[in-house]
Amino acid sequence: MNPIIMVSNFSGNVGKTTLTKNLLLPNLPNAKVFAVEDVNAGYTQGEAVQLSAAQTQEILEQVIESSFSNPVIVDVGASNVSNFFAALSTYDNMQEFITKVVVPSEPSEKVQTDTISTLHYLIESLGFAPEKISVVLNKVNPKTEQAVFGKMLEEAALLGVFSAGTIPENNTFQAASLQGKSIQELASMNPQEIRQKSMEDAKKGGDPKQGINLMLAVASAKNLKANLDRIFSNLNIDVLGVD
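Residues numbered from 1 in each chain as written. Predicted model: local features only at pLDDT ≥ 70, side-chain atom pairs only at ≥ 80, totals over all residues. Heavy atoms only, no water.

Q: Any details on the sheet that holds strand 5 (residues 100-105)? Residues and values, ideally.
A: Here seven strands make up an open sheet; going across it, the order is 3-2-4-1-5-6-7 and the pairing parallel. Edge positions in the sheet fall to strand 3 (49-51) and strand 7 (162-168), since each of these pairs with one other strand and no more. Between one strand axis and the next, the sheet turns by 20 degrees as a mean value, whatever way the strands run. In this structure, strand 2 (residues 32-36) lies alongside strand 3, joined through three bridges in parallel fashion. Bridge assignment links F34 to a residue of strand 3, and that residue is V49. Those strands touched by helix 1 (residues 16-24) are strand 1 (4-7), strand 2, strand 4 (72-76), strand 5, strand 6 (133-140) and strand 7, and its axis lies near 160 degrees from that of strand 4. Most of the contacts of helix 2 (residues 56-67) go to strand 2, to which it runs at about 165 degrees, and overall it touches strand 1, strand 2, strand 3 and strand 4. (Pairing = 2+ DSSP bridges. Helix = DSSP H or I, 4+ residues; strand = E, 2+ residues; numbered from the N terminus. Axes fitted to C-alpha atoms, helices over the stretch in contact; angles between N-to-C directions. Contact = heavy atoms within 4.5 Å.)

Quick look at the structure:
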(Lines give C-alpha, C1' and ligand atoms only; values in the text may rest on other atoms or scores of the structure.)
Protein backbone atom coordinates (compact mmCIF):
# COMPACT_ATOMS: atom_id res chain seq x y z
CA MET A 1 0.00 0.00 0.00
CA ASN A 2 1.18 3.53 -0.74
CA PRO A 3 1.91 5.81 2.22
CA ILE A 4 -0.87 7.81 3.87
CA ILE A 5 0.50 10.96 5.53
CA MET A 6 -1.56 13.09 7.91
CA VAL A 7 -0.56 16.71 8.61
CA SER A 8 -2.19 18.15 11.70
CA ASN A 9 -2.03 20.33 14.79
CA PHE A 10 -4.73 21.60 17.13
CA SER A 11 -3.44 25.10 16.30
CA GLY A 12 -4.09 26.88 13.03
CA ASN A 13 -1.72 28.93 10.88
CA VAL A 14 1.31 26.75 11.59
CA GLY A 15 2.10 25.95 7.95
CA LYS A 16 0.23 22.67 7.40
CA THR A 17 -0.82 23.48 3.85
CA THR A 18 2.51 25.15 3.04
CA LEU A 19 4.38 22.01 4.17
CA THR A 20 1.96 19.79 2.28
CA LYS A 21 2.65 21.70 -0.92
CA ASN A 22 6.37 22.27 -0.53
CA LEU A 23 7.68 19.43 1.67
CA LEU A 24 5.45 16.44 0.94
CA LEU A 25 4.02 16.82 -2.57
CA PRO A 26 7.40 17.29 -4.33
CA ASN A 27 8.68 14.09 -2.69
CA LEU A 28 5.54 11.98 -3.13
CA PRO A 29 4.97 11.64 -6.89
CA ASN A 30 1.30 11.64 -7.94
CA ALA A 31 0.13 12.06 -4.35
CA LYS A 32 -3.54 12.86 -3.81
CA VAL A 33 -4.38 15.54 -1.24
CA PHE A 34 -7.45 15.56 0.99
CA ALA A 35 -8.13 18.83 2.82
CA VAL A 36 -10.27 18.23 5.92
CA GLU A 37 -11.55 21.75 6.33
CA ASP A 38 -14.73 23.75 5.87
CA VAL A 39 -12.84 26.39 3.90
CA ASN A 40 -9.16 26.19 2.95
CA ALA A 41 -7.92 29.12 0.89
CA GLY A 42 -4.51 27.45 0.62
CA TYR A 43 -5.68 25.22 -2.22
CA THR A 44 -6.95 26.23 -5.62
CA GLN A 45 -9.68 24.29 -7.39
CA GLY A 46 -8.49 20.83 -8.31
CA GLU A 47 -5.46 20.81 -5.99
CA ALA A 48 -7.23 18.91 -3.19
CA VAL A 49 -10.38 17.00 -2.38
CA GLN A 50 -12.06 19.17 0.25
CA LEU A 51 -14.28 17.52 2.84
CA SER A 52 -15.31 18.42 6.40
CA ALA A 53 -14.87 16.29 9.52
CA ALA A 54 -18.60 15.58 9.40
CA GLN A 55 -17.80 13.46 6.34
CA THR A 56 -15.19 11.32 8.11
CA GLN A 57 -16.62 8.03 6.80
CA GLU A 58 -16.41 9.35 3.23
CA ILE A 59 -12.92 10.75 3.85
CA LEU A 60 -11.61 7.40 5.10
CA GLU A 61 -13.24 5.52 2.22
CA GLN A 62 -11.66 7.81 -0.37
CA VAL A 63 -8.28 7.99 1.38
CA ILE A 64 -7.91 4.21 1.66
CA GLU A 65 -9.12 3.60 -1.89
CA SER A 66 -6.78 6.28 -3.27
CA SER A 67 -3.83 4.73 -1.43
CA PHE A 68 -4.22 1.57 -3.51
CA SER A 69 -2.69 3.46 -6.44
CA ASN A 70 -1.19 6.71 -5.09
CA PRO A 71 0.41 8.21 -2.02
CA VAL A 72 -2.13 10.19 0.01
CA ILE A 73 -1.76 13.34 2.11
CA VAL A 74 -4.50 14.31 4.57
CA ASP A 75 -4.22 17.98 5.54
CA VAL A 76 -6.43 18.41 8.63
CA GLY A 77 -7.40 22.04 9.23
CA ALA A 78 -7.54 23.40 12.78
CA SER A 79 -11.27 24.12 12.55
CA ASN A 80 -11.97 20.44 11.90
CA VAL A 81 -9.18 18.66 13.75
CA SER A 82 -11.02 18.04 17.05
CA ASN A 83 -14.07 16.58 15.33
CA PHE A 84 -11.94 14.60 12.90
CA PHE A 85 -9.81 13.10 15.67
CA ALA A 86 -12.93 12.29 17.69
CA ALA A 87 -14.43 10.54 14.68
CA LEU A 88 -11.20 8.60 14.07
CA SER A 89 -11.32 7.35 17.68
CA THR A 90 -14.56 5.50 16.92
CA TYR A 91 -12.69 3.15 14.55
CA ASP A 92 -10.52 0.34 15.88
CA ASN A 93 -6.82 0.56 14.98
CA MET A 94 -7.35 3.16 12.26
CA GLN A 95 -3.84 4.44 13.08
CA GLU A 96 -2.43 1.27 11.53
CA PHE A 97 -3.42 2.53 8.08
CA ILE A 98 -1.66 5.90 8.50
CA THR A 99 2.04 5.80 7.69
CA LYS A 100 3.14 9.07 9.26
CA VAL A 101 1.76 12.08 11.10
CA VAL A 102 3.57 15.38 10.55
CA VAL A 103 2.89 17.97 13.26
CA PRO A 104 4.13 21.45 12.28
CA SER A 105 4.89 23.83 15.12
CA GLU A 106 6.04 27.44 15.40
CA PRO A 107 7.41 29.83 18.05
CA SER A 108 4.26 31.08 19.82
CA GLU A 109 3.63 29.61 23.28
CA LYS A 110 0.03 28.74 22.41
CA VAL A 111 1.07 26.80 19.33
CA GLN A 112 3.69 24.87 21.28
CA THR A 113 1.16 24.06 23.99
CA ASP A 114 -1.25 22.88 21.32
CA THR A 115 1.53 20.87 19.69
CA ILE A 116 2.09 18.90 22.90
CA SER A 117 -1.67 18.43 23.29
CA THR A 118 -1.79 17.12 19.72
CA LEU A 119 0.97 14.61 20.45
CA HIS A 120 -0.76 13.42 23.61
CA TYR A 121 -4.05 12.90 21.77
CA LEU A 122 -2.42 11.08 18.86
CA ILE A 123 -0.61 8.68 21.18
CA GLU A 124 -3.02 8.28 24.10
CA SER A 125 -6.42 8.58 22.41
CA LEU A 126 -5.76 7.43 18.86
CA GLY A 127 -3.09 4.83 19.61
CA PHE A 128 -0.33 6.09 17.30
CA ALA A 129 3.13 4.71 17.96
CA PRO A 130 5.45 7.66 18.75
CA GLU A 131 7.81 6.68 15.93
CA LYS A 132 4.99 7.34 13.46
CA ILE A 133 4.86 11.00 14.52
CA SER A 134 7.34 13.76 13.70
CA VAL A 135 7.38 17.43 14.60
CA VAL A 136 8.59 19.99 12.04
CA LEU A 137 9.61 23.36 13.46
CA ASN A 138 8.52 26.29 11.30
CA LYS A 139 9.42 30.02 11.31
CA VAL A 140 12.56 29.32 13.34
CA ASN A 141 15.10 31.96 14.30
CA PRO A 142 18.35 29.94 14.51
CA LYS A 143 19.74 32.28 17.16
CA THR A 144 16.88 31.61 19.57
CA GLU A 145 15.83 28.10 18.53
CA GLN A 146 16.88 26.34 21.72
CA ALA A 147 15.48 29.02 24.00
CA VAL A 148 12.15 29.11 22.16
CA PHE A 149 11.58 25.45 21.34
CA GLY A 150 13.73 23.66 23.93
CA LYS A 151 11.02 22.97 26.52
CA MET A 152 8.50 21.80 23.93
CA LEU A 153 11.04 19.47 22.30
CA GLU A 154 11.92 18.03 25.72
CA GLU A 155 8.25 17.28 26.42
CA ALA A 156 7.86 15.73 22.97
CA ALA A 157 10.96 13.58 23.53
CA LEU A 158 9.46 12.26 26.78
CA LEU A 159 6.58 10.99 24.61
CA GLY A 160 9.05 9.45 22.17
CA VAL A 161 8.46 12.06 19.46
CA PHE A 162 11.29 14.01 17.85
CA SER A 163 11.81 16.82 15.37
CA ALA A 164 12.46 15.95 11.73
CA GLY A 165 14.02 19.36 11.14
CA THR A 166 13.62 23.11 11.23
CA ILE A 167 12.54 25.68 8.64
CA PRO A 168 14.15 29.08 9.28
CA GLU A 169 11.99 32.18 9.29
CA ASN A 170 12.12 33.55 5.75
CA ASN A 171 10.02 35.19 3.04
CA THR A 172 10.75 32.58 0.37
CA PHE A 173 7.36 30.88 0.70
CA GLN A 174 5.69 34.24 0.17
CA ALA A 175 7.95 35.01 -2.80
CA ALA A 176 7.08 31.66 -4.37
CA SER A 177 3.37 32.28 -3.79
CA LEU A 178 3.61 35.70 -5.45
CA GLN A 179 5.21 34.01 -8.44
CA GLY A 180 2.43 31.40 -8.47
CA LYS A 181 5.00 28.64 -7.97
CA SER A 182 5.97 26.03 -5.41
CA ILE A 183 9.42 26.12 -3.82
CA GLN A 184 10.44 23.21 -6.05
CA GLU A 185 9.31 25.03 -9.19
CA LEU A 186 11.08 28.22 -8.14
CA ALA A 187 14.25 26.31 -7.25
CA SER A 188 14.32 24.65 -10.69
CA MET A 189 14.77 28.03 -12.40
CA ASN A 190 18.23 29.24 -13.49
CA PRO A 191 19.24 32.46 -11.66
CA GLN A 192 21.98 33.17 -14.22
CA GLU A 193 19.43 33.21 -17.04
CA ILE A 194 17.21 35.53 -15.00
CA ARG A 195 20.20 37.80 -14.31
CA GLN A 196 21.07 37.92 -18.00
CA LYS A 197 17.52 38.87 -18.92
CA SER A 198 17.51 41.59 -16.26
CA MET A 199 20.72 43.02 -17.71
CA GLU A 200 19.18 43.04 -21.18
CA ASP A 201 16.05 44.74 -19.87
CA ALA A 202 18.18 47.40 -18.16
CA LYS A 203 20.09 48.10 -21.38
CA LYS A 204 16.77 48.70 -23.12
CA GLY A 205 15.75 51.18 -20.46
CA GLY A 206 13.56 48.77 -18.54
CA ASP A 207 13.41 48.29 -14.78
CA PRO A 208 15.58 45.32 -13.82
CA LYS A 209 14.31 45.13 -10.22
CA GLN A 210 11.62 42.54 -10.92
CA GLY A 211 14.17 40.23 -12.48
CA ILE A 212 16.66 40.82 -9.70
CA ASN A 213 14.02 40.05 -7.06
CA LEU A 214 13.13 36.87 -8.92
CA MET A 215 16.81 35.89 -9.14
CA LEU A 216 17.21 36.34 -5.39
CA ALA A 217 14.00 34.39 -4.74
CA VAL A 218 15.29 31.52 -6.89
CA ALA A 219 18.61 31.46 -5.05
CA SER A 220 16.79 31.43 -1.72
CA ALA A 221 14.40 28.71 -2.93
CA LYS A 222 17.30 26.47 -3.92
CA ASN A 223 18.67 26.67 -0.38
CA LEU A 224 15.22 26.13 1.15
CA LYS A 225 14.48 23.16 -1.11
CA ALA A 226 17.72 21.47 0.00
CA ASN A 227 16.60 21.91 3.61
CA LEU A 228 13.10 20.59 2.87
CA ASP A 229 14.60 17.55 1.16
CA ARG A 230 16.67 16.84 4.29
CA ILE A 231 13.56 17.10 6.44
CA PHE A 232 11.65 14.73 4.16
CA SER A 233 14.52 12.24 4.37
CA ASN A 234 14.37 12.46 8.18
CA LEU A 235 10.64 11.59 8.08
CA ASN A 236 11.62 8.08 6.88
CA ILE A 237 8.61 7.67 4.63
CA ASP A 238 8.75 4.71 2.29
CA VAL A 239 7.65 6.37 -0.94
CA LEU A 240 6.93 3.01 -2.54
CA GLY A 241 4.69 2.02 0.35
CA VAL A 242 4.52 -1.28 2.12
CA ASP A 243 3.04 -4.32 0.40
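Having put the structure on the table, let's press on.
Q: Lay out the environment of N2 in plain terms, naming residues and giving numbers.
A: With respect to the secondary-structure elements, N2 resides in the segment before strand 1. Distance from N2 to L28, taken between C-alpha atoms, is 9.8 Å for residues 26 residues apart in sequence. Only 3.1 Å separates the side chain of N2 from the backbone oxygen of S67, close enough to count as a polar contact. (Polar contact = N/O pair within 3.5 Å; in protein donor to acceptor, adjacent residues only side chain to side chain.)

Q: Tell me what's going on with the pattern of salt bridges, and back it up with residues and numbers.
A: As enumerated under the stated definition, the model contains four salt bridges in all. Here K110 makes a salt bridge to D114, at a shortest N to O gap of 2.6 Å. Highlighted residues: K110 and D114, both in helix 4 (residues 109-125), separated by four residues, approximately one helical turn. Judged by its relative accessible area of 55%, K110 is exposed. Its relative accessible area of 15% is what places D114 among the buried residues. The salt bridge partner of D201 is K197, with a shortest N-O separation of 3.2 Å. Of this pair, D201 and K197 both sit in helix 8 (residues 191-203), four residues apart, which is roughly one turn of the helix. (Salt bridge = Lys/Arg side-chain N within 4 Å of Asp/Glu carboxyl O. Buried < 20%, exposed > 50% of the residue type's maximum accessible area, 1.4 Å probe, protein only.)

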